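# Reading the structure
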Amino acid sequence: MQDFSGYKKEQLTIDLAKANVYAIVLIIPIVLVFGLPFYLLWKNNISTDGIKSYLDTLNPILRMLLIVLSIVIGIILHELIHGITWSFFASKGFKSIKFGILWKMLTPYCHCTEPLKVKHYILGAIMPAIILGFIPYIIAIITGNFPLLLFGMFFTMVAVGDFMIINLIRKENVDDYVQDHPSEAGCYIYRKAH
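The shown structure was predicted, so the numbers you read here are calculated from the model rather than taken from an experiment.

### Re the state of the cysteines
- This model, assessed by the stated rule, comprises 0 disulfides.
- Left without a disulfide partner, C110 is nearest to the cysteine sulfur of C112, which lies 7.5 Å away.
- Overall, C110 belongs to the buried group, its relative accessible area being 8%.
- Cysteine C187 shares no disulfide, and the gap to the nearest cysteine sulfur, in C112, comes to 12 Å.
- Relative accessible area serves as the criterion here: at 0%, C187 is assigned to the buried category.

### Let's talk about the confidence of the model for the protein chain
- Confidence along the protein chain averages 87 in pLDDT terms, with 93% of residues attaining 70 or more.
- Taken element by element, the protein chain is modelled with least confidence in helix 3 (residues 48-56), mean pLDDT 61, and with most confidence in helix 5 (residues 118-143), mean pLDDT 96.

### Some points on the nonpolar core
- Ranked by internal contacts, the top residues of the largest apolar core, which has 24 residues, are W86, Y121, I169 and V178.
- Sorting the residues of this core by element identifies helix 1 (16-25), strand 2 (97-102), strand 3 (107-112), helix 5, helix 7 (160-169) and strand 6 (186-192) as the ones contributing at least two each.
- The dominant element in this core, judged by the number of residues it contributes, is helix 7, at 5 residues.
- Excluding residues within four positions of it along the chain, W86 makes contact with I97, C110, C112, L116, H120, Y121, G124, A125 and D180.
- With 10 residues, the next largest nonpolar core counts I30, W42, I141 and M157 among its residues.

### A short note on the environment of F34
- Mapped onto the elements, F34 comes out in helix 2 (residues 27-42).
- In this structure F34 comes out as buried when scored by relative accessible area, which is 6%.
- In this structure, F34 is in contact with G133, F134, Y137, L149, G152, M153 and T156, ignoring residues within four places of it in sequence.

### Thoughts on the pattern of salt bridges
- Scanning the entire structure with this criterion turns up 4 salt bridges.
- The salt bridge partner of K117 is D175, with a shortest N-O separation of 3.6 Å. One end of the pair, K117, is in strand 4 (residues 116-117); the other, D175, is in the loop between helix 7 and strand 5 (177-180), with 58 residues separating them in the sequence.
- Salt-bridge contacts for E172 lead to R191; the nearest nitrogen and oxygen are separated by 2.8 Å. Pair noted here: E172 is in the loop between helix 7 and strand 5 and R191 is in strand 6, with a separation of 19 residues, a long-range link.
- Within this structure, E10, E172 and R191 form a network of salt bridges that share partners.

Reading the values: rules and limits
- Residues numbered from 1 in each chain as written.
- Predicted model: local features only at pLDDT ≥ 70, side-chain atom pairs only at ≥ 80, totals over all residues.
- Heavy atoms only, no water.
- Disulfide = S-S within 2.5 Å.
- Buried < 20%, exposed > 50% of the residue type's maximum accessible area, 1.4 Å probe, protein only.
- pLDDT = per-residue confidence, 0-100.
- Helix = DSSP H or I, 4+ residues; strand = E, 2+ residues; numbered from the N terminus.
- Core = buried A, V, L, I, M, F, W, Y, C linked by side-chain atoms within 4.5 Å.
- Contact = heavy atoms within 4.5 Å.
- Salt bridge = Lys/Arg side-chain N within 4 Å of Asp/Glu carboxyl O.

Now the structure itself:
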């Protein structure tokens, strides 16, 4: 384990209530950034009749069940992707990864119990947005798959808290260390003392 006696430690946290508000506020820009190119590319294939017939292929209960199941599985995958990515850089591997729920905000989390270099922490923080948000969006743009577009938009919005934490540490030295805060949405930064 890294010796941090020559480092200065500072706590950096985000307000989860504020993160949830930002996610709501960002709905319009995300819908525009994701939806407008999709619409421009696929507008000849999109019609209200087409969407209605697509929705009518499943009964309403099954459709709702699939939506809820997709969200639950996606949220579990979101946290798992954090953990898997961080485990590659943690000295104890996956043994350093913990999962749970912050019950006061009903927010699932993945926690790395040991400090990681800033660059590795940022990579682990952004990976769920890439895998569950950006990649499905790109596939949706290429294929014209509307449900995949919605999935990509939703899981980009889910990553707003991750983007806020990345924003907290983006100007830090990439070789300094970050450790997840054990009970808050945020982290400790370990800066090398000069």
